Structures are given as C-alpha cells and as structure tokens.
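# Structural characterization, general
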Amino acid sequence: MRFPAPRQQVPPAEKPTAAKQFERKWNSRLSPSVPNLLPGVCGLYQARGSTGKMCLFTNNQQSCASVESGCVAKLSEISISPSDRVFILTGAGVSAESGIPTFRGADGLWRNYRIEEVASPHAWARDPQLVWEFYSMRRQVASSARPNPAHFALAKLEQRLADRLFLCTQNVDNLHEQAGSKNVIHMHGELFKSRCDSCPRPPFDDAHLYEPPAELPRCACGGGIRPHICWFGEVPFELERIIRALDACTIFMAIGTSGVVEPAASFVAHVRARAKTIYVGPEEPANASAFTQCYLEKAGEILPQLF
Ligand code: APR
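This write-up is about the structure you can find in this document. (Residues numbered from 1 in each chain as written. Predicted model: local features only at pLDDT ≥ 70, side-chain atom pairs only at ≥ 80, totals over all residues. Heavy atoms only, no water.)

### Let's talk about the overall build of the protein chain
- If you tally the helices and strands in the protein chain, you get 12 helices and 11 strands.
- Residues classed as buried in the protein chain amount to 52% of the 307 residues present.
- Sequence-distant contacts, at least 24 apart, represent 71% of the contacts inside the protein chain between residues at least 6 apart.
- Per element, the accessible surface of the protein chain, about 14,500 Å² overall, is 53% carbon and sulfur. (Helix = DSSP H or I, 4+ residues; strand = E, 2+ residues; numbered from the N terminus. Buried < 20%, exposed > 50% of the residue type's maximum accessible area, 1.4 Å probe, protein only. Contact = heavy atoms within 4.5 Å. Areas by Shrake-Rupley, 256 points an atom, 1.4 Å probe, with all protein chains shown as cover.)

Okay, here's the thing in structure tokens:
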C-alpha cells in the first residue's frame with residue numbers, strides 16, 4: 001500500500017518527526033515487486049490471517065476463537081507459590097505506554113511500512129541504506145523512551161523470584177533493563193546493538209544513527225554492519241534456552257503481544273496442558289483461547305496490581 005504524498009501527511013507548520021521523515025523517504029523508494037515472505041518452521045514469521053494455526057511444537061490446529069466467557073479475569077494478585085517457575089513473554093504492548101509504537105495497533109509500525117521492505121534479509125540485500133534509516137528512526141524514538149509501571153512491576157517481580165522468573169521479550173528496546181530487570185532474553189534482538197553480516201564478530205553496543213550523508217558502517221573484514229535484529233525469515237535468538245524454560249514453567253504469562261508472530265505465538269500452546277496461562281493486554285490476542293485467564297487491560301495499569 002502506498003501512502004499519501006508527504007505534503008498531505010505533514011501540515012506545513014509541523015516539524016516532521018524522525019518517524020515521519022523516514023516514512024517520506026520510504027514511500028518514495030517503495031518497491032512494487034518484493035516477494036511475500038514464506039513462513040519457515042523455525043524462522044520468525046507472521047501467521048497469515050488472524051488465527052496463527054501453525055504450531056511450532058505440537059502441530060495442533062489451534063482454534064483461535066474469541067475469549068470464552070468467564071476467561072476474562074477479575075483483578076486479584078496472582079498467586080505464585082515457592083515451587084512455581086514463571087515464564088513471562090512480553091511484546092510491543094508493554095512499551096506502548098512509554099511512547100514506542102506497537103506493530104499492529106491503530107498507529108502500529110506495520111500499518112505504515114511493509115515488513116518485507118525494511119525487516120527481512122531480502123530488504124538488507126536490496127537496500128541496506130533504507131534498512132538503516134528505518135532502524136535509525138527506531139533508535140531515535142526508543143532513545144527518549146522511559147520505562148513505564150509495567151516494566152517496573154516486572155523488575156520488582158524478578159527481585160522477588162530471582163531465577164524462578166524467566167523474562168523473554170520480543171521487544172528490541174531496552175526498557176526492561178532501564179527499569180532494573182537483570183536477566184532479559186531478547187528473542188528478536190536488540191535495537192542498540194549491531195553486528196557484522198559476514199564474520200562471526202559478536203554483536204556490539206551501537207546507538208549510532210546511520211542516515212545520509214553518513215556512510216553505511218562496515219566491518220574490518222569488509223562485511224556490512226547490520227542491526228542486531230531477528231528479521232522475518234530468520235531464527236530468533238536463544239530458542240534452546242527459551243524452550244527449556246517453557247518446559248520448566250508452571251505459570252506462563254504473555255503481556256502486550258498480538259499472538260500472530262511465530263514462534264512466540266505458539267509458546268502458550270506448548271505449555272497450556274500443564275501450566276497456568278495468563279494474558280494481559282487491552283485486546284484479545286489471536287491465540288486468546290489458549291489462555292486460562294485474560295486481563296483485558298493496559299499492562300502499565302494492571303501489572304503493578306497483579307504482583
Ligand atoms: N498494554 C498491554 N498491551 C497493549 C497495550 C498496553 N498499554 N497497548 C497495546 N497493547 C497490545 C495490543 O492490543 C496488541 O495486541 O499489544 C499488542 C501489540 O501487538 P503487536 O503490535 O503485534 O506486537 P508484538 O505482538 O510484540 O509483535 C511481535 O512482530 O513485527 C514483529 O518482531 C516484531 O517483536 C515483534 C513481533
């Protein structure tokens with residue numbers, strides 16, 4: 001989908017934000033012939049339609065009907081016993097109240113950009129400059145964001161549970177860490193890190209904005225320096241550790257994630273037979289029927305009351 005011409009998007013008096021400036025460039029360079037991404041079993045992909053039927057672990061054909069009556073939970077503190085192990089999966093909704101846009105909400109990033117154009121190996125091969133402009137814009141937005149009460153509540157929970165809490169985020173911002181969380185698994189990578197696309201040099205801290213006229217960053221080996229992000233079609237980070245933690249958990253909680261991106265969307269199906277499964281977010285996720293309790297509220301408003 002193409003967007004209106006820049007003059008219609010930005011009123012003359014308004015100073016364009018980093019996001020708007022990027023959107024203008026992006027519109028002018030949109031390729032009409034990018035192939036649709038094919039889902040891979042282990043790679044990051046978005047389920048077609050709203051039901052997320054392919055399940056990484058069991059091949060169950062999950063019916064993602066709406067939340068069953070009685071599933072919407074009443075507010076009360078979640079009881080966590082000394083033998084419980086808690087797995088928390090967070091998504092873009094956790095950072096929404098900090099001003100970082102989600103991907104699929106009303107102002108979501110994927111309403112304005114085509115995933116294939118900016119977040120895939122194909123995009124990197126075709127137009128690394130455009131990819132870096134997209135991630136530079138996101139670095140700019142994230143660098144001024146501060147944690148909200150949801151991040152702080154999760155950091156407090158880690159203090160209480162120590163290694164009985166496994167915090168796995170799909171978010172690439174560092175707001176969990178800013179709130180004080182010490183052990184965070186970033187399964188989709190980290191916005192403020194980069195790595196070489198050719199050599200095994202480990203990812204390194206990098207908050208630079210690579211926008212013209214700056215040259216694209218290059219590694220000493222001659223390769224290109226790319227964002228340390230798991231793009232669509234790539235394999236998420238730390239999957240083995242994540243699966244071990246899923247196998248061990250007795251309480252699984254997903255917060256602020258739409259349940260359409262695999263493999264994270266199937267985590268709940270993997271654990272639901274033996275763990276309590278809880279969802280927090282203002283809207284039902286696509287995999288809502290796999291949860292035993294759903295708190296349809298904003299994370300920042302409800303999490304401080306749940307722990
Ligand atoms: N509190 C909790 N949830 C919220 C809030 C809030 N204040 N505001 C919005 N949400 C919910 C929305 O209702 C939506 O269900 O957050 C969810 C965000 O969904 P997505 O935008 O799809 O984000 P997410 O599920 O994290 O996306 C997964 O997709 O594009 C890729 O790699 C990217 O990590 C991302 C992955």
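Moving on from the model shown.
### Quick look at helix α10 (residues 239–248)
- Listed in full, the buried residues belonging to α10 are Leu-239, Ile-242, Ala-245 and Leu-246. Seen end-on, α10 carries its buried residues on one side only, within an arc spanning 125°. Looking at α10, the residues exposed on the side facing more than 90 degrees away from the buried face are Glu-240 and Arg-244.
- Elements that come into contact with the buried residues of α10 comprise β2 (86–90), β3 (165–169), β4 (184–186), β8 (251–255) and α11 (267–271). (Arc of directions from axis to C-beta.)

### Thoughts on the side chain of Ser-266
- As for its placement among the helices and strands, Ser-266 is situated in the loop between β9 (261–262) and α11.
- Look at Ser-266 and you get buried, because its relative accessible area is 3%.
- Polar contacts involving the side chain of Ser-266 include one to the side chain of Glu-262, which spans 2.8 Å. (Polar contact = N/O pair within 3.5 Å; in protein donor to acceptor, adjacent residues only side chain to side chain.)

### A word on the site of the ligand
- Around the ligand, the structure places 22 residues, and the nearest of them are Glu-97, Arg-104, Trp-110, Ser-258 and Glu-283.
- Here Gly-93 contributes a backbone N or O atom positioned 3.4 Å from a nitrogen atom of the ligand.
- Measuring from an oxygen atom of the ligand, one finds a side-chain N or O atom of His-188 at 2.8 Å.
- About the coverage of the ligand: the protein hides 93% of its 740 Å² of free accessible area.
- The element contributing the most residues to the shell around the ligand is helix α3 (residues 92–96), with 3 residues.
- Grouping the constituent residues of the shell around the ligand by class yields 9 nonpolar, 9 polar and 4 charged. (Near = heavy atom within 4 Å. Nonpolar A, V, L, I, M, F, W, Y, C, P; charged D, E, K, R; others polar.)

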